[in-house]
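# Examining the three-dimensional arrangement
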Amino acid sequence: MVSGSDLAVEIGWRIARRSIRLSDGRCGWMGHGTTSTDGWRVSAVTLGPGLYDGLAGIALFLATLHRRMGDDVFADLSRGALKTARDHLSAVPPANRGSFYLGWTGIAWATTHVADLIGSDRLRREGEALMRQALLSPPDGSALDLLQGAASALAACMAHLDARPGDAAVSHAASQHAHALVDAARWDGDMCAWPLGGAGDGPGLCGLSHGASGIAAALLAYHQATGDAMALRTAIGALAFEERHFDETEGSWADRRPGHSGYPALWCHGAGGGALAHRIAAQLLPSELADLRGRCVVRAGRASRGLASQLERGMGNDSLCHGVWGLIACRRLLGHGDSDVIAKAKERLVRSGVRSGLPGQGWTPSLMLGDSGVGLAALALEDDSVAFPPLLPPGLFGVLKR
């Protein structure tokens, strides 16, 4: 049977062959993405600096592959990708700079991890300096959820404060992010939620990346550290909203995005990320809310079984965000081995290659949407010494691993 290392090496060399390298060591990649000119269309784009769909995520995978296999080509490409990412920090909109997935926080986090993997004190210093800038980036009302902004910025602040509890500046930044989330919540009785983008008349969404459960998890981490009553109240309201839209038969949460329907089983929307968020909530809720904690555990368990059913039925994508390897990784974080499913997923990759990108798009080497994430998952699921794909931001991942 093919090993995860063999798959990762094959993926790594494919990414290397498609790199665009400059004489000063910088490098980048083209991939497929959505651009907006006269309406949305799919086209080839130069990948940006971020962790989710850009250079920082690719650098993380290539550095991990270098550490595992020892090939300096992967280390050189990882350095070059981060050098290009640093040159394009200004391309990240101010609203997203605190985001772990789209912004400076994730680029800084990846830089420090790459520094450890390839042995670079210079990169570590650069990553730590950028992380401080990122953590102090003020919140923006148009980017609130875990993927885009304030919720993952808050979680990253809490991770920093766990290691450096006396940092008054970051403590103040965490308070700003938490209160931005509390103030933007839209209440309906005892439930609250946030529309996509944080403003407008859109519906409140469920789920980890763009929805109420991801924001609830971040607020609960803040409440546990500070005792902030409004953060707890808002998190409880968000969990009530999620409970209202959970279908026991489907084992997932309703997809409330405009133009969508059903009960998806994905990391980004539905059962995958939702199960992770509810397991985290169960661990962070105060002991006096034992009934709510129990209901979160039950929903996480039911959603996890829904992921297993989806994997049995098969999927048309392999990515971490909305594909097979994302669900396998979610299940592993929830405590399931799934060795037979992993073996089948590897065999399919050998036969047909990685199916990556968003629906209707072509190849991308990125971490959450494409080849890098599949390669990193294949390594991590085979070897516990390999850092797990970042399905959760710092401050929440540690909660789940306690």
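The rules behind the values
- Counting starts from 1 at the beginning of each chain's written sequence and moves along it residue by residue.
- A pLDDT threshold of at least 70 governs which residues receive local features in this predicted model, and a stricter bar of 80 or more applies before side-chain atom pairs are shown or counted, although totals over entire chains, interfaces and linings include all residues.
- Excluding hydrogens and water, the side-chain values take into account all heavy atoms of the structure.
- Numbering goes from the N terminus for both helices and strands, where a helix is a DSSP run of H or I of at least four residues and a strand is a run of E of at least two.
- Note on method: radius of gyration uses C-alpha positions; expected globular size equals 2.2 Å times residues raised to 0.38.
- Any residue under 20% of the maximum accessible area for its type is buried, any over 50% is exposed, and the rest in between are partly exposed; the area is computed with a 1.4 Å probe on protein chains only.
- Note on contacts: a residue pair is in contact if any heavy atoms of the two residues lie within 4.5 Å.
- In what follows, salt bridge is the name for a side-chain nitrogen of Lys or Arg lying within 4 Å of a carboxyl oxygen of Asp or Glu.
- Expected span of a helix: the number of residues minus one, times 1.5 Å.
- A fitted line through C-alpha atoms represents every axis, and for helices the fit uses only the stretch in contact; the resulting angles, taken between N-to-C directions, go from 0 to 180 degrees.
- Each angle receives one of four descriptions, namely roughly parallel if under 35 degrees, roughly antiparallel if over 145, roughly perpendicular if within 65 to 115, and oblique otherwise.
- Crossing handedness is defined as follows: a turn of the near helix away from the far one that is anticlockwise and smaller than a right angle gives a left-handed crossing, while the clockwise case is right-handed.
- Side-chain rings of Phe, Tyr and Trp (the six-membered ring for Trp) are treated as a pair once their centres are within 6.5 Å; stacked means planes under 30 degrees apart, edge-to-face means over 60, and tilted covers the remaining angles.
- A ring is scored as having a charge over it whenever the NZ atom of a lysine or the CZ atom of an arginine sits within 6 Å of its centre and within 35 degrees of its normal.

The helix and strand tally for the protein stands at 15 helices and eight strands. In terms of overall size, the protein behaves like a compact globule, its C-alpha atoms giving a radius of gyration of 20 Å where 402 residues would be expected to give roughly 21 Å. Judged by the C-alpha coordinates and their principal axes, the protein covers about 60 × 50 × 45 Å. For the protein, the residues scored as buried account for 60% of the 402 residues in total. For the protein, restricting intrachain contacts to residue pairs at least 6 apart in sequence, the fraction spanning at least 24 positions comes to 63%.

Further remarks concern the pattern of salt bridges. Applying the stated criterion to the full structure yields 19 salt bridges. A salt bridge links Arg355 to Asp318; its shortest N-O distance comes to 3.0 Å. Residue Arg355 is found in the loop between helix H13 (339-352) and helix H14 (371-382), and its partner Asp318 is found in the loop between helix H11 (290-313) and helix H12 (324-333); the two are separated by 37 residues along the sequence. The class of Arg355 is partly exposed, set by a relative accessible area of 24%. Judged by its relative accessible area of 1%, Asp318 is buried. Several salt bridges share partner residues, and in doing so they unite Glu243, Asp291, Arg295 and Arg299 into one network.

Now for helix H2 (residues 55-69). If you check H2, its first and last C-alpha atoms are 21 Å apart, about what 15 residues at 1.5 Å a residue would give, namely 21 Å. Extensive coverage of H2 is indicated by the burial of 12 of its 15 residues. Of the residues making up H2, those classed as buried are Leu55, Ala56, Gly57, Ile58, Ala59, Leu60, Phe61, Leu62, Ala63, Thr64, Leu65 and His66. Contacts from the buried residues of H2 go to helix H1 (4-17), strand E2 (27-28), helix H3 (72-87), helix H4 (104-118) and H14. Count one or two residues on from H2 and you reach Gly70, which has phi positive near 85°.

Our focus in this paragraph is H14. Compared with an ideal rise of 1.5 Å per residue, which puts 12 residues at 16 Å, H14 spans 17 Å between its outermost C-alpha atoms and is within 8% of the ideal. In terms of residue burial, H14 counts as a mostly covered element, since 11 of its 12 residues are buried. Considered for burial, the residues of H14 that qualify are Asp371, Ser372, Gly373, Val374, Gly375, Leu376, Ala377, Ala378, Leu379, Ala380 and Leu381. In this structure, the buried side of H14 is in contact with H1, H2, H12 and H13.

Note on placement: Arg299 falls in helix H11. Residue class for Arg299 comes out buried when judged on its relative accessible area of 5%. In contact with Arg299, other than residues within four places in its own chain, are Leu239, Glu243, Phe246, Trp253 and His278.

This part covers the environment of Pro394. Along the chain, the position of Pro394 falls in the loop between H14 and helix H15 (397-400). Taking the C-alpha atoms as reference points, Pro394 and Gly50, 344 residues apart in sequence, are found 16 Å from one another. Ignoring any residue separated from it by four or fewer positions in sequence, one finds Pro394 in contact with Phe100, Trp109, Ala155, Ala156 and Ala159.

Interhelical geometry of H2 versus H14 gives an angle of 40° and a closest axis separation of 9 Å. In terms of orientation, H2 lies oblique with respect to H14. Between H2 and H14 lies a crossing whose hand is left-handed. Contacts between H2 and H14 pair Gly57, Ile58, Leu60, Phe61, Thr64, Leu65 and Arg68 from the former with Ser372, Gly375, Leu376, Leu379 and Glu382 from the latter.

Moving on, we get to the packing of aromatic side chains. What describes a pair of aromatic rings is the distance from one ring centre to the other and the angle between the planes of the rings. Within this structure, the stated rule accounts for five aromatic pairs. Centroid distance Phe100 to Trp109: 5.2 Å. Interplanar angle 75°. Geometry classified as edge-to-face. Here Phe100 matches Trp109 in class, with each residue buried. Among the aromatic residues, ring-to-ring pairing joins Phe100, Tyr101, Trp109 and Trp267 into one connected group. Taking the ring centre of Trp363 as reference, the NZ or CZ of Arg18 above it sits at 4.2 Å.

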